[in-house]
Amino acid sequence: ASSGTYMFAERDSIKLFMDEFKPAANSITNIDGKDKPTIIFVFGGGFKNGERDNATYNPWFKALTEEGYHIFTIDYRLGMKGQTKGGLGQVGLFYRSIEMAVEDLFAATNYIINHAEALGVNPDNIVICGSSAGAMTVLQAEWHRCNGDEIAKVLPENFKYTGVISFAGAILSRHGALKYKTEPAPTLLMHGTADAVVNYGKMRFFNWGFYGSDFLAKYYKKHNFNYVILRYVDHGHDIANSFMTTFEDQIDFLEVNVTKGIKRVADSTIDDPRVIKLKASRNRKELYGK
């Protein structure tokens, strides 16, 4: 059970809440005298559905708190709700849906920063993490922050996240080529190489670009950024929900790249039969409506 629920914003007459999960009693909350980060989690569901408090996340939240992590799972407005055509079939609306989620993630970030003392959070040590639509949200948020875009100006001046974790995410740009003006936080990219929902590579059409984990890793490598990519061979969008099967890799990234601040770039191709392959068809319908 969560240790608290807080309303962090009201947008379009929708009240947005977050649930808090504190580090478990007797868990180790620092390494070598450095505190483990607070994690803000953004759920998935194609910007149409999903809940911050979906019971399927509970074993994962529990595992993270037992490792000494402080978790906040947040609401955001679902811009594609009620749409029969999903995703790139309505690219303008899809983009607006991502941006709305980013706005709400930034509002949640500000709430945690503004109430850091009461919540027992170090406001300079926040990791953002998301699954599917939520993974798109956290990658897009950090991209906007790095570029000093208008949407990110609500954050305190010079604020930086300390890490980004993406379970099958991508960035949608309406200005063609992808660029970062400043270096993003250490980033963990997890993606199935056969993902038919959120593309693994890149898609370009007119001035739009949809950039998946494979493309991002190439860009990060070229620009010497701090990242880890885990490529799951022949997996589809099931990696969006691989919270427990990829747990050791998440902890490794959080301990080494984030908490210890070691720049350890890793690019791993994983063909592991223990990571269960799920049918991608249901997931595809969820995001693209076909």
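Note that the coordinates shown come from a computational prediction; the quantities given were computed from them, not determined experimentally. Positions within a chain are numbered from 1, following the residues in the order the chain's sequence is written. Local features in this predicted model are restricted to residues whose pLDDT is 70 or higher, and side-chain atom pairs enter the listing and the counts only when it is 80 or higher, whereas totals over whole chains, interfaces and linings include all residues. Just so you know, side-chain values use all the structure's heavy atoms and leave hydrogens and water out.

## Observations regarding the overall build of the protein chain
Phase 1: Under the DSSP-based scheme used, a helix requires at least four consecutive residues in state H or I and a strand at least two consecutive residues in state E, with every element numbered from the N terminus. Within the protein chain, the regular secondary structure consists of seven helices and 14 strands.
Phase 2: With respect to the principal axes defined by its C-alpha atoms, the protein chain has extents near 50 × 45 × 40 Å.
Phase 3: Scored against the burial criterion, the 290 residues of the protein chain give a buried share of 59%.
Phase 4: Across the protein chain, contacts joining residues at least 24 apart in sequence account for 77% of those joining residues at least 6 apart.
Phase 5: Computed over 34 positive and 33 negative side-chain charges, the separation of the two mean positions in the protein chain equals 8 Å. Only protein chains enter the accessibility calculation, which uses a 1.4 Å probe. A residue is then buried if its area is under 20% of the maximum for its type, exposed if over 50%, and partly exposed in between. A contact between two residues is defined here by any heavy atoms of the two lying within 4.5 Å. Counting rule applied: Lys, Arg positive; Asp, Glu negative; His and chain ends not counted. Every charge is mapped onto a representative atom, which is NZ of Lys, CZ of Arg, CG of Asp or CD of Glu.

## What about the sheet that holds strand β14 (residues 266-270)?
Phase 1: Strand pairing follows a simple DSSP-based rule, namely that at least 2 bridges must link the two strands. The strand order β1-β2-β6-β5-β7-β8-β10-β13-β14 describes an open sheet built from nine strands, whose pairing is mixed. Lying at the two open borders of the sheet, with one neighbouring strand each, are β1 (4-11) and β14. The mean inter-strand angle of the sheet, taken between neighbouring strand axes irrespective of direction, is 15°.
Phase 2: Sheet topology note: the strand β10 (residues 187-192)/strand β13 (residues 227-232) ladder contains six bridges and is parallel. When the sheet's bridge partners are listed, T187 is paired in β13 with Y227.
Phase 3: With respect to the sheet, helix α1 (residues 58-66) is in contact with β2 (14-21), β5 (38-42), β6 (70-74), β7 (126-131) and β8 (163-167), its orientation differing from that of β6 by roughly 150°. Axis definition: a line fitted to C-alpha atoms, over the contacting stretch in the case of helices. Angles run 0 to 180 degrees between N-to-C directions.

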